[in-house]
Amino acid sequence: MKSRIDKHLSNVAINYRPAGFIADRILPVVQVPNQSGTCSATNYFCKNYTIKADVTLEDRSNADPVFVQQFEEGRVHRVQDALFLDWETRVASQVTDPANVGSSIAVVSRWSDYVNSDPLRDIWAGIDNVKRATGYRPNHILFSGTAWRHFRRNKAVIDKAANPHMSGGGLYPSVQQVADLLELQVLVGNAWYNAALPLNLTQIWQDHVLVYYAPEQPSLETPSFGYYFRWAAPGVPNMQARRHPYDSRRHCDEVEIGYYQDEVILSKSLGYLICNVTSSKSTPQEDTASSPDPSVTLARLASNAMAELHLSYSEAAAYVLRTQPALARAYRDYTLTPNQ
């Protein structure tokens, strides 16, 4: 008995996207007839990304008949979770690498400082940079989950995007409100991965922001920050679910999903990276060292924590001292010997 494409499970796979993952929406997919080729003087080679999940005899026999299909769909979801996680981490490592964009900056004031930072200015500088360098105005912006959280809590963003007739009040702006303000499609990457056992959850997108241009109608002749080249020849896997026959030695059959793809940055100048938006050029440790009075630094950081975490001042101050050991030591020494 040969393996076969399972139409139902293929539909489940194609219509499933794990929560928080955005890799499939960042760059356009270009279907190519051959595994390798050249686009804009850049070579691509579509690699095989395939994962299988076992459906064991024990699992199938112990499942109630009405739940067998749900069980198989769950196996498809598990495979898709792994495929999307791999895809997300590959793309994130590429597009957040300063070597792969035309320009990159580190913010002057970290976006978690809601008083002194100006994230709109940082973003508009990136839009202007790409436009001047290429003639194309960026049409996408990608926020990491952390960057998005701090961006939408900034008073200037709230005033301009959500409440233009009321200063500093109301709700945080939505994705659509920010998209309307910036005239960009907004993506927010909220995916995490376990960096080490038993549990060390790490954000895939860290705290970066990417501004870039990618066409709505992709083709090999259209400029783009990058493309996903997907080998789409007859018989080549392309996210369909393939069922392999029962293996009597292992007492299971398998559900396999895969695709052949290469992710390629084609025009670096069409991308602009804002790096580490929650850690500015002046770090808290530097602030502590340069301030003659650590209580001033504590008051500033506590005020930010109050706004970000919705704490009272005493709770915010305790949080800052707990998470900033250098400041805690400086503050302790200063309060014990204030005349030094």
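Details of the structure are given in the entry above.
Structural notes, computed from the coordinates.

Reading the values: the criteria
Residues numbered from 1 in each chain as written. Predicted model: local features only at pLDDT ≥ 70, side-chain atom pairs only at ≥ 80, totals over all residues. Heavy atoms only, no water. Buried < 20%, exposed > 50% of the residue type's maximum accessible area, 1.4 Å probe, protein only. Helix = DSSP H or I, 4+ residues; strand = E, 2+ residues; numbered from the N terminus. Arc of directions from axis to C-beta. Axes fitted to C-alpha atoms, helices over the stretch in contact; angles between N-to-C directions. Parallel < 35°, antiparallel > 145°, perpendicular 65-115°, else oblique. Left-handed = near helix turned anticlockwise from the far one by under 90°. Contact = heavy atoms within 4.5 Å. Nonpolar A, V, L, I, M, F, W, Y, C, P; charged D, E, K, R; others polar. Phe/Tyr/Trp six-rings, centres within 6.5 Å; stacked < 30°, edge-to-face > 60°. Pairing = 2+ DSSP bridges.

1. Some remarks on helix H11 (residues 313-323)
Inference 1: All buried positions along H11 are accounted for by Ala316, Ala317 and Val320. The buried residues of H11 occupy an angular sector of 100 degrees when the element is viewed end-on, so they sit on one face. Turned more than 90 degrees away from the buried face of H11 sit Ser314 and Arg322, all of them exposed.

2. Concerning the packing of helix H1 (residues 7-14) against helix H4 (residues 68-95)
Two quantities define a packed helix pair, namely the angle between the axes and the distance from one axis to the other.
Inference 1: Closest axis-to-axis distance for the H1/H4 pair is 9 Å, and the angle between their directions is 45 degrees. The orientation of H1 relative to H4 falls into the category oblique. The interaxial crossing formed by H1 with H4 has right-handed handedness. Contact residues: H1 offers His8, Leu9, Val12 and Ala13, while H4 offers Gln69, Glu72, Glu73, Val76, His77 and Gln80.
Inference 2: For the contact of H1 with H4, the class distribution of residues is four nonpolar, four polar and two charged.

3. Considerations on the packing of aromatic side chains
Inference 1: Summed over the entire model, instances satisfying the criterion amount to 13 aromatic pairs.
Inference 2: Relative to Phe229, the ring of Tyr44 lies with its centre 4.3 Å away and its plane at 10 degrees, an arrangement referred to as stacked. With Tyr44 in strand E4 (residues 42-45) and Phe229 in strand E12 (residues 226-231), this pair connects stretches of sequence that are 185 residues apart.
Inference 3: For Tyr44, a relative accessible area of 7% gives the class buried.

4. Some details on the sheet that holds strand E15 (residues 271-275)
Inference 1: The five strands lie next to each other as E6-E15-E11-E7-E8, forming an open sheet whose pairing is mixed. The open sheet has two free edges, formed respectively by strand E6 (103-106) and strand E8 (185-189), since each of these has just one partner strand. Here the strands of the sheet are splayed against their neighbours by 15 degrees on average, with no regard to which way each runs.
Inference 2: In the sheet, E6 pairs with E15 via four bridges, with the strands oriented parallel. Of the residues in E15, the one forming a bridge with Ala106 is Cys275.

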